[in-house]
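What follows is each chain in one-letter form.
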2 protein chains.
Amino acid sequence: MEVNATNSPYARYKTIALKQIALTDGFWLRRQTINHQTSVRHAFRKLETSGNFNNLKLAAGTGEGQYREPLFMDSDIYKWLEAVSYSLITRPDPELAAMADEAIALLAAAQQEDGYLNSYFQVMEPNKKWTELAMGHELYCAGHLIEAAVAHHRATGQTKLLDIACRFADHIDGRFGPDKGDAVPGHPEIELALVELHRETDEPRYLALAGFFIDQRGHGKMIGRTPFENDYHQNRVPVRETDVVEGHAVRQLYLTAGIADIYLETGEQALLDTLQRQWHDMTAHKMHITAGFGARHEGEAFGQSYELPSDRCYCETCAAIANMMWNWRMLLITGEARYADLLERSLYNGFLSGISLDGQRYFYVNPLLSRGGIERPEWYGCACCPPNVMRQIAMLAGYVATTNAAGLQVHQYIATNIEATLHNEQPIKVQLETDYPWDGQVTLTIAETDGSPWELALRIPGWCHEATLHVGDDVTDVSAQRGGYAQTRRTWQAGDVVQLKLVMQPRFIEPNPRIDAVRGSLAIERGPLVYCLEAVDQPADVNLPDVRIDPTAPLHAQWREDMLEGVVVIEAQGTVMDMRRWQSALYRPLTAESLPQQVIKLTAVPYYAWANRGPGQMRVWIAK
Amino acid sequence: MEVNATNSPYARYKTIALKQIALTDGFWLRRQTINHQTSVRHAFRKLETSGNFNNLKLAAGTGEGQYREPLFMDSDIYKWLEAVSYSLITRPDPELAAMADEAIALLAAAQQEDGYLNSYFQVMEPNKKWTELAMGHELYCAGHLIEAAVAHHRATGQTKLLDIACRFADHIDGRFGPDKGDAVPGHPEIELALVELHRETDEPRYLALAGFFIDQRGHGKMIGRTPFENDYHQNRVPVRETDVVEGHAVRQLYLTAGIADIYLETGEQALLDTLQRQWHDMTAHKMHITAGFGARHEGEAFGQSYELPSDRCYCETCAAIANMMWNWRMLLITGEARYADLLERSLYNGFLSGISLDGQRYFYVNPLLSRGGIERPEWYGCACCPPNVMRQIAMLAGYVATTNAAGLQVHQYIATNIEATLHNEQPIKVQLETDYPWDGQVTLTIAETDGSPWELALRIPGWCHEATLHVGDDVTDVSAQRGGYAQTRRTWQAGDVVQLKLVMQPRFIEPNPRIDAVRGSLAIERGPLVYCLEAVDQPADVNLPDVRIDPTAPLHAQWREDMLEGVVVIEAQGTVMDMRRWQSALYRPLTAESLPQQVIKLTAVPYYAWANRGPGQMRVWIAK
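These numbers were taken from a predicted model, which means no experiment stands behind them.

(A) Examining the environment of Thr131(B) more closely. All names here are of chain B. By secondary structure assignment, the location of Thr 131 is in the loop between α5 (119-123) and α6 (138-156). Looking at Thr 131, the relative accessible area reads 28%, which means it is partly exposed. The sequence separation of Thr 131 and Ile 223 amounts to 92 residues, and the corresponding C-alpha distance is 6.5 Å. Setting aside anything within four residues of it in sequence, one finds Thr 131 in contact with Glu 138, Ile 223, Gly 224 and Arg 225.

In structure tokens:
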């Protein structure tokens, strides 16, 4: 998940290693602390009781009982190991380290002599390795192993997991490639993993293999018994001819992230052109306001353009994560703030809704409307999302800032201590303080610098129409930089303070008129947050579908320490319709009558925090 | 499918046998002629090329090659045999009769000594008979065999297919029942079939077995390896405690039809109470305007209340058929016109959309919105719908009229010659002439009667707000009978003419405000028909999602001989929005600006006729 693009030749921005940037306070530190103290431990127990570890023991010959499916259970372990590794960078923890070592020892024991490692095929179908590429998930699991191994190596300096990953990668490289064997990976993930392994090991074979895998797509190749469904599997046309995002959303977005990684190393323009066409298609046609992706339960898939239902959308938590991964790479490639904007939208909305406030319950599917009855489970039979959330929160600091030849760029306003080495080898330290996303004031203190000038670039989010920058006594209106960066180049002194003030007014959002599902409705946003109505916050006995919001009445933001671990709520004015005249009818001849309505106060809470207080009704889009 | 409720003790209305009522002219005769001349022959070829017949040959030991799934392929043959049987009643056709005989001979050859008959289990899993009740479809196929056999017996007087069905029914009766074996049929159909077999044979065991099957539901029984999904399979609660329709829509509606059949014979009030609760739930919460059912592709299932999307609804053709079957039985039970109203709504809309005008292409799924790209296939891998359409069209005359102690009731305005025997054994003949659904004038001529008085009851459809009845020189405003029956009791003379004039004005329909999917939109109806816009009928290059309809402008109906084999189109006024100001945005802060709009003329066509002129855009609900 972490991208080490410090040496990538086609990175406009260079990444900052997780060892150099740490969360210090506020909104995300709280979430990361829960992640560290609660979630990854909760997950360890679940990996035990769900059978993931026992599957590996069965592969090693030491397990007991039945293999437990789904067949990609190994990947849950890998994502969890990746989360633990990131966590250990900033939070040494012998107990967690021992848990990780236990898992790594299992992997070492399970790995075959020839490097192959996949508990399902080893235990259940030893004669069918590499014959079920469409749905077998072998390369997908291998990719997650590699990501975990790279993270573990970076965190601990140890090579024991990296060695396992390299042996498996070498096995794969011996099996697939020109003059070796065809392979369309049925679930992308291996591509970005191999590129990162290449970055970690300097082994060019891994990069070449990633390129081979993407080149295989769209040529009608069918490897194994189970056919590829061409749109579901992103196998309809060759990668470089692709214009749209389609099919299984997580597959699609892991693939685009992998292609972006390959571009970062190769600079092949056709790949970037493809990614930009796909990004346009996704953001112009196929994205929920939460930056959740996947309109359909069937196939966990993107729908048609403007097919964006609130109730039956999928918006899988993993798809929001994949979107952040892709957009982070697009930002590194292009330097354009729109990618950081979209990353932010997923981060605070479609992603963060995937975990409960207590860090022990999850959403796989993140609808924008609940008619009631939706609750967060503690785990899933198909548990791809929970450990994915954990690794994302554990490495979040990696998305905060980058460097380039000019200086330092800050993309996400998260309280952190940033250490970076600028182009001239100059080491700098910057302290970022903020109460974001509740407050738009961001204070950056230059803690360490040398005497040469460099540029500090601060993203002015697309949602922000009024922004000022305070550098010493200079105050600049930077509203015009909305959707870009406010850049200040000077010779900084230790102790210099820069203040960015992003005015956060609650706002009504209207949908494109082509979106049938939310016609005649409005959403509420403030700062990076999308809001929703939960029934529990409204006057008693109000049926949310009967509520109408008044767009002419003002919205009021209010900090509520007592709610949802502290949130800014938005108060609005609305009405509730008296539906009795409709009796039991679903349809009736058009009449001019308007229904009796009663004025009520509405209270909206951040979408990410929904479903933490029972399974009541919820709506992001409110009819006006 | 045909119900012989002439002796059912709890039928308020008695059915008229298909031998006594025949289509004579107009809208439905045309469709039935195509059904007879084209569709059932087209189906025979498809049953050959798709492997259905060969599956039976494999079971008989005379087939070659592979078994072809899905595992319920036999049921396609049975529905086709039922269609052919009904067709032969009014249209003697040696060629078709020979096709049917060929199929029956195959069935006779395939049936086991012990009466068992299911090609899939005989050929593919002979040791797993009756072990996969959740998804194995054995009882479902058996039910369709029985329905076909009863129809064939009634059409031809021959017993060869009925004997096969009775042997299988006896086999099933020997296998399941109190002290024999549990069984929750995974796909209802056997229940209504057994009741009809009981009516045809006077064998009470068949009725008892149907009752046994419905009593088994909702007690947590799990028969076979595949678990029942309780809501999908209508197995969540016992039948008599059910309040809602849920799960797989066709399963649910075949089940309610079967329960209604059991009520018709037993009169058990708890069953009728259940059915009325479910009917209320369905019509108040879970029905598309086309009387299509099933909001979700996942599980081909009912959704939650008010979850009624236009694009991703399922509205399976078979579900509309099942709805007609259920509502016909509810009408017989209660005598209430609302059931005939709902039958009519499915018939002209959600059902009839399932077949092309040429009778050779089909829809399995019937959405109310197409963004383009939807075409009718000639057949389906899972071909449950096409032969179901055929049997429905072939027996349609059976839904036209009934008798009771008072006289004759006419429920559907379809040009027919009706022969009936009234309660006093008095034979009557009535000729019904009409251009319905294009024109609301219905002329009934008493062709034969005796001298005793009887009552003629004519349904005044729920959609009709202005109706007059002309009996001789008497003219009566019968608008107040809307949703009921206009009754005329007198001593009729041969040659008496009754005219019913139902004023058909095109009308705008508004949806219940709780339906998110169509908020801010209107539909157009005229008479029993729901209309839609197809792009091909609008000004060139108009993008249908950008069209807005003007509810203040009048609607004009116009007969168009040249379109779609002759239809009444509705002309409306609308606008097309210039969307350029939205650029590529999906969401934006609310503005007061309204988009530039250009006035255009809109032309709506009957929904049933859509997708006969290419895969263009289509909308039933049009934003206002």
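There's plenty left to go through after this.
(B) Molecular detail of empty space enclosed by the protein. Per the counting criterion, the structure on display carries twelve cavities of 30 Å³ or more. Put simply, the largest cavity is a space of about 340 Å³. Around the largest cavity, the lining comprises 34 residues; the ones closest to its centre are Pro309(A), Asp311(A), Pro309(B), Asp311(B) and Ala517(B). Taken together, the residues of the lining of the largest cavity break down into 13 nonpolar, five polar and 16 charged.

(C) Highlighting the confidence of the model for chain A. When pLDDT is averaged along chain A, the result is 96, and 100% of the positions lie at 70 or above. Reported confidence for the predicted complex is 0.96 by ipTM and 0.96 by pTM.

(D) Structural view of helix α7 (residues 160-175) of chain B. Compared with an ideal rise of 1.5 Å per residue, which puts 16 residues at 22 Å, α7(B) spans 23 Å between its outermost C-alpha atoms and is within 8% of the ideal. At the C-terminal side of α7(B), Gly177(B) shows a positive phi close to 145 degrees.

(E) Summary view of the sheet that holds strand β2 (residues 21-23) of chain A. Residues and elements named next belong to chain A. Taken together, the seven strands give an open sheet; going across it, the order is β2-β6-β7-β8-β13-β10-β11, and neighbouring strands pair in antiparallel fashion. Strands with a single pairing partner mark the edges of an open sheet, and in this sheet they are β2 and β11 (474-477). Neighbour to neighbour, the strand axes of the sheet diverge by 15 degrees on average, direction disregarded. The sheet contact formed by β2 and strand β6 (residues 416-421) spans three bridges and is antiparallel. Bridge pairing in β6 places Ile 21 opposite Ile 418.

(F) Looking closely at the packing of helix α3 (residues 73-90) of chain A against helix α14 (residues 385-394) of chain A. Residue and element names in this part refer to chain A. Viewed as axis vectors pointing N to C, α3 and α14 meet at an angle of 20 degrees, and their least axial separation amounts to 8 Å. Considered as vectors, α3 and α14 are oriented roughly parallel to each other. Relative to α14, α3 is oriented so that their crossing is left-handed. Contacts between α3 and α14 involve Asp 76, Lys 79, Trp 80, Glu 82, Ala 83, Tyr 86 and Ser 87 from the former and Pro 387, Asn 388, Met 390, Arg 391 and Ala 394 from the latter.

(G) Up close: the relation of the copies chain A and chain B. You can overlay chain A on chain B at an RMSD of 0.0 Å; the transform is a turn of 180 degrees with a shift of 0.0 Å along its axis. The operation mapping one copy onto its partner corresponds to a two-fold rotation axis. Judged by C-alpha distance, Ala517(A) is the residue of chain A that lies nearest the rotation axis, at 2.4 Å.

(H) The nonpolar core, seen in detail. Among the nonpolar cores identified, the biggest contains 228 residues, and Trp80(B) and Leu408(B) are the most heavily contacted of them. With 13 residues, the single largest contributor to this core is helix α12 (residues 317-334) of chain B. Counting 226 residues, the second largest nonpolar core, distinct from the first, contains Phe53(A), Tyr120(A), Leu145(A) and Trp454(A).

(I) Up close: the interface of chain A and chain B. At the interface, 57 residues of chain A touch 57 residues of chain B. Of the roughly 4500 Å² buried between chain A and chain B, counting both surfaces, carbon and sulfur atoms make up 52%. Between Arg588(B) and Glu510(A) there is a salt bridge; the shortest N-O distance is 3.0 Å. On inspection of chain A and its partner chain B, the count reaches 24 residue pairs in polar contact (both at pLDDT 80 or more). Elements supplying a minimum of two residues to the side of chain A that touches chain B: α11 (269-285), β14 (507-511), β15 (521-526) and β20 (587-589) of chain A. At five residues, the largest contribution of residues to the side of chain A that touches chain B is made by α11(A). Each residue belonging to the side of chain A that touches chain B can be placed in one class, and the counts come to 27 nonpolar, 15 polar and 15 charged. Taken together, the three bridges between β14(A) and strand β20 (residues 587-589) of chain B define a ladder with antiparallel strand orientation.

(J) Structural view of the pattern of salt bridges. Residue and element names in this part refer to chain B. Enumeration according to the criterion identifies 102 salt bridges over all chains in this entry. Of the charged contacts, one joins Glu 525 and Arg 345 as a salt bridge, the two residues approaching to 2.7 Å between their closest N and O atoms. Here Glu 525, found in strand β15 (residues 521-526), pairs with Arg 345, found in helix α13 (residues 337-351); they are 180 residues apart in sequence, far enough to count as distant. Residue classification places Glu 525 among the buried positions, given a relative accessible area of 3%. In this structure, the salt-bridge partner of Lys 601 is Glu 571, at a minimum N-O distance of 3.5 Å. Highlighted residues: Lys 601 in strand β21 (residues 597-606) and Glu 571 in strand β19 (residues 567-577), separated in sequence by 30 residues.

(K) Quick peek at the pairing of strand β18 (residues 556-560) of chain A. All names here are of chain A. Sheet topology places β18 next to strand β19 (residues 567-577); five bridges connect them, and they run antiparallel. Within the sheet, the bridge partner assigned to Ala 557 lies in β19 and is Ile 570. Turn length for the β18-β19 hairpin, with the two strands adjacent in sequence and antiparallel, is six residues, and the turn residue Leu 564 shows positive phi of about 50 degrees.

(L) Focus on the environment of Gln493(B). Residue and element names in this part refer to chain B. With respect to the helices, strands and loops of the structure, Gln 493 is situated in the loop between β12 (484-490) and β13 (497-502). Considered as a pair, Gln 493 and Gly 220 are 273 residues apart in the sequence and their alpha carbons are 60 Å apart. Once residues within four sequence positions are removed from consideration, Gln 493 is found in contact with Ile 446 and Thr 449.

(M) Representation of the pairing of β6(A). Residues and elements named next belong to chain A. Burial along β6 is one-sided: Thr 416, Ile 418 and Ala 420 are buried, while Asn 417, Glu 419 and Thr 421, pointing the other way, are not. Sheet topology places β6 next to strand β7 (residues 427-434); six bridges connect them, and they run antiparallel. Bridging across to β7, Ala 420 finds its partner in Ile 428. Linking β6 back to β7 in an antiparallel pair, the connection comprises five residues, with Glu 425 at a positive phi of about 70 degrees.

(N) Representation of unusual backbone geometry. With an omega dihedral of 5 degrees, the bond running from Glu69(A) to Pro70(A) counts as a cis peptide bond. Tracing the chain through its elements places Pro70(A) in the loop between α2 (52-60) and α3. Notably, His137(A) is not glycine yet its phi reads approximately 60 degrees, a positive angle. Of note, His137(A) is situated in the loop between α5 (119-123) and α6 (138-156). Positive phi, close to 70 degrees, is recorded for Asp179(B), a residue that is not glycine. Here Asp179(B) lies in the loop between α7 and α8 (190-201). Residue classification places Asp179(B) among the exposed positions, given a relative accessible area of 85%.

(O) Summary view of a negative patch on the surface. On the surface, a cluster of negative charge is made up of Asp25(A), Glu433(A), Asp435(A) and Asp439(A). Of note, Asp435(A) is situated in the loop between β7 and β8 (441-448).

The rules behind these values
Residues numbered from 1 in each chain as written. Chains lettered and ligands numbered in written order. Predicted model: local features only at pLDDT ≥ 70, side-chain atom pairs only at ≥ 80, totals over all residues. Heavy atoms only, no water. Helix = DSSP H or I, 4+ residues; strand = E, 2+ residues; numbered from the N terminus. Buried < 20%, exposed > 50% of the residue type's maximum accessible area, 1.4 Å probe, protein only. Contact = heavy atoms within 4.5 Å. 1 Å grid on protein atoms, 1.4 Å probe; cavity = no way out; pocket = protein on both sides within 12 Å on 5 of 7 lines; lining within 4 Å. Points joined across faces, edges and corners; volume = space filled by probe spheres on them. Nonpolar A, V, L, I, M, F, W, Y, C, P; charged D, E, K, R; others polar. pLDDT = per-residue confidence, 0-100. Expected span 1.5 Å × (residues − 1). Pairing = 2+ DSSP bridges. Axes fitted to C-alpha atoms, helices over the stretch in contact; angles between N-to-C directions. Parallel < 35°, antiparallel > 145°, perpendicular 65-115°, else oblique. Left-handed = near helix turned anticlockwise from the far one by under 90°. Least-squares fit on C-alpha atoms with pLDDT ≥ 70 in both. Core = buried A, V, L, I, M, F, W, Y, C linked by side-chain atoms within 4.5 Å. Buried area = accessible area lost by both parts, 1.4 Å probe. Salt bridge = Lys/Arg side-chain N within 4 Å of Asp/Glu carboxyl O. Polar contact = N/O pair within 3.5 Å; in protein donor to acceptor, adjacent residues only side chain to side chain. Patch = residues over 30% accessible without salt bridge, like charges linked within 9 Å, V, L, I, M, F, W, Y side chains within 5 Å. Areas by Shrake-Rupley, 256 points an atom, 1.4 Å probe, with all protein chains shown as cover. Lys, Arg positive; Asp, Glu negative; His and termini not counted. Charge placed at Lys NZ, Arg CZ, Asp CG, Glu CD.

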